[in-house]
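The primary structure of each chain is shown beneath.
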Amino acid sequence: TKDTAPVVVIGTGLAGYNLVKELRKLAPEQPILMITADDGRNYSKPMLSTGFGKNKSADELAMASAADMAEQLNIVIRTNTRVTHIDPAAHRIFIGEEPVEYSKLVLAWGAEAIRSRVEGDAEELIYSINDLQDYAAFRQAADGKKKVLIMGAGLIGAEYANDMAAGGFDIDVVAPCEHLLPSLLPAAAADAVQAGLEGLGVRFHLGPLVNRIVREGEGVRATLTNGETIAADVVVSAIGLRPRLDLAVKAGLQVNQGILVNRRLETSEADIYALGDCAEIEGRVLLYVLPLMASARALAKTLAGEATDTSFGVMPVTVKTPVVPVVVSPPAAGSSGNWSIDGEGADIQAEFRGESGELLGYALTGARVMNKVALNKELPAIMP
Ligand code: FAD
């Protein structure tokens with residue numbers, strides 16, 4: 001029967017490796033096959049946006065090779081191998097023409113960087129940095145260079161702005177929003193972070209989009225929709241991530257923003273599960289480490305035979321802008337209530353409270369981040 005086939009996990013990011021570590025503890029004999037499109041090195045993705053300040057190469061950020069992981073976890077890992085098709089009815093996946101059987105299949109294939117549609121002839125000088133290999137390529141491109149243009153002022157754009165400024169680069173940030181971190185912070189808190197980054201020399205161009213990027217000398221010149229132009233040596237595109245959905249859609253799995261799963265991390269097809277950046281759990285797409293760790297623990301139990309629901313407690317997000325530290329727990333989408341703002345300068349405390357005064361979210365910057373402990377106790381769990 002199919003039960004003799006291995007548990008197959010697609011993806012060796014934090015979701016895949018954490019799941020397999022947990023599963024191995026509970027099921028020492030279970031055959032497990034991991035498949036990854038990249039080189040399978042184990043690394044902590046959040047470290048990618050602190051690597052310039054700390055001057056860490058991609059090799060220094062890698063904690064273990066795929067071969068080491070395979071030995072440690074007593075599993076088989078196929079690296080540089082892309083899954084191209086899933087056949088849920090036959091309990092098979094395909095790597096090109098090659099079929100591979102599974103007893104249970106776990107999709108941990110993450111999210112992809114959204115590519116910006118800019119005109120011009122400089123596509124190869126526009127980098128998105130979403131895994132260790134991207135990071136290695138970008139470090140090589142930035143070596144000996146000075147001016148970096150960052151497109152996007154969300155979590156990743158803001159973190160790279162701080163990190164690369166700390167690493168000695170001259171930074172311009174362009175984003176079509178009124179203030180940075182628009183989906184995480186109210187304006188007053190965002191302004192505090194912006195002022196801190198400007199203190200490091202970062203220039204913000206908020207409102208316009210980058211329209212066109214053309215080669216100029218060794219570097220590029222970008223033209224914004226407001227007519228302004230910016231010269232740079234290299235460009236980082238950090239305009240957003242979206243869960244990878246293609247293969248899931250073709251296999252007939254239900255998807256929305258992410259691959260739809262219930263609290264047991266079951267997709268709409270039997271014996272196929274999803275977790276991490278590719279999954280949407282009861283309406284939530286949470287592109288963070290803490291939710292995938294909680295999911296990995298629950299799913300490992302389920303795969304080991306003890307059906308277990310995932311729950312998420314309070315999970316504030318730390319934005320790694322050390323010049324002005326930020327901790328934020330955004331209110332759930334669609335919450336009704338109001339922000340109230342306290343503090344001044346770099347030290348802002350913003351609280352989002354509902355009709356009857358209950359705390360539903362917060363954003364803290366600067367010295368106020370220390371108040372997170374008290375506020376966390378008041379917050380409702382994200383998914384109790
Ligand atoms: P990924 O790490 O993207 O792994 C996906 C895996 O699937 C890879 O191995 C890939 O090769 C493989 N794959 C994809 N398609 C296929 C295919 N067809 N066949 C085979 N293999 C395939 N979160 C926080 O909580 N705190 C932070 O401070 C933080 N900082 C971040 C900073 C940056 C710069 C970035 C980019 C993200 C940050 N995040 C942070 C988010 C966090 O890193 C992610 O939520 C997490 O790493 C996602 O892990 P994952 O395993 O789901 O996906």
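In short, a report on the structure.

Parameters and conventions
- Residues numbered from 1 in each chain as written.
- Predicted model: local features only at pLDDT ≥ 70, side-chain atom pairs only at ≥ 80, totals over all residues.
- Heavy atoms only, no water.
- Pairing = 2+ DSSP bridges.
- Helix = DSSP H or I, 4+ residues; strand = E, 2+ residues; numbered from the N terminus.
- Axes fitted to C-alpha atoms, helices over the stretch in contact; angles between N-to-C directions.
- Parallel < 35°, antiparallel > 145°, perpendicular 65-115°, else oblique.
- Contact = heavy atoms within 4.5 Å.
- Nonpolar A, V, L, I, M, F, W, Y, C, P; charged D, E, K, R; others polar.
- Phe/Tyr/Trp six-rings, centres within 6.5 Å; stacked < 30°, edge-to-face > 60°.
- Buried < 20%, exposed > 50% of the residue type's maximum accessible area, 1.4 Å probe, protein only.
- Lys NZ or Arg CZ within 6 Å of the ring centre and 35° of its normal.

1. A closer look at the sheet that holds strand 17 (residues 234-237)
In step 1: Judged by pairing direction, the sheet is parallel, and its five strands sit side by side in the order 10-17-11-12-13 without closing on themselves. Either end of the sheet is taken by a strand with one partner, and the two such strands are strand 10 (126-127) and strand 13 (203-206).
In step 2: Direction of pairing for strand 12 (residues 170-175) relative to strand 13: parallel, over a ladder of four bridges. By the bridge assignment, Val174 is partnered in strand 13 with His205.

2. What about the packing of helix 1 (residues 14-26) against helix 3 (residues 66-73)?
In step 1: For the pair helix 1 and helix 3, the least separation of the axes is 10 Å and the interaxial angle reads 20 degrees. Judged on the interaxial angle alone, helix 3 and helix 1 are roughly parallel. On helix 3, the residues that touch Tyr17, Val20, Lys21 and Arg24 of helix 1 are Ala66, Met69 and Leu73.
In step 2: When grouped by side-chain class, the residues that make up the contact of helix 1 with helix 3 number five nonpolar, no polar and two charged.

3. Focus on the packing of aromatic side chains
In step 1: The tally for this structure, following the rule as stated, stands at five aromatic pairs.
In step 2: Ring geometry for Phe52 versus Tyr135: centroids 5.9 Å apart, planes at 65 degrees, classification edge-to-face. Separated by 83 residues along the polypeptide, Phe52 in the loop between strand 2 (32-35) and helix 2 (58-61) and Tyr135 in helix 4 (residues 132-142) bring together distant segments of the chain.
In step 3: Taken together, a centroid distance of 5.5 Å and an interplanar angle of 70 degrees make the contact between Tyr127 and Phe138 edge-to-face. Here Phe138 lies in helix 4 and Tyr127 lies in strand 10, a separation of 11 residues in the sequence.
In step 4: Under the relative-accessibility criterion, Phe138 is labelled buried at 0%.
In step 5: Three or more aromatic residues joined by ring pairs form one cluster here, namely Phe52, Tyr127, Tyr135, Phe138 and Phe169.
In step 6: Against the face of Phe52 rests Arg139, its NZ or CZ located 4.8 Å from the ring centre.

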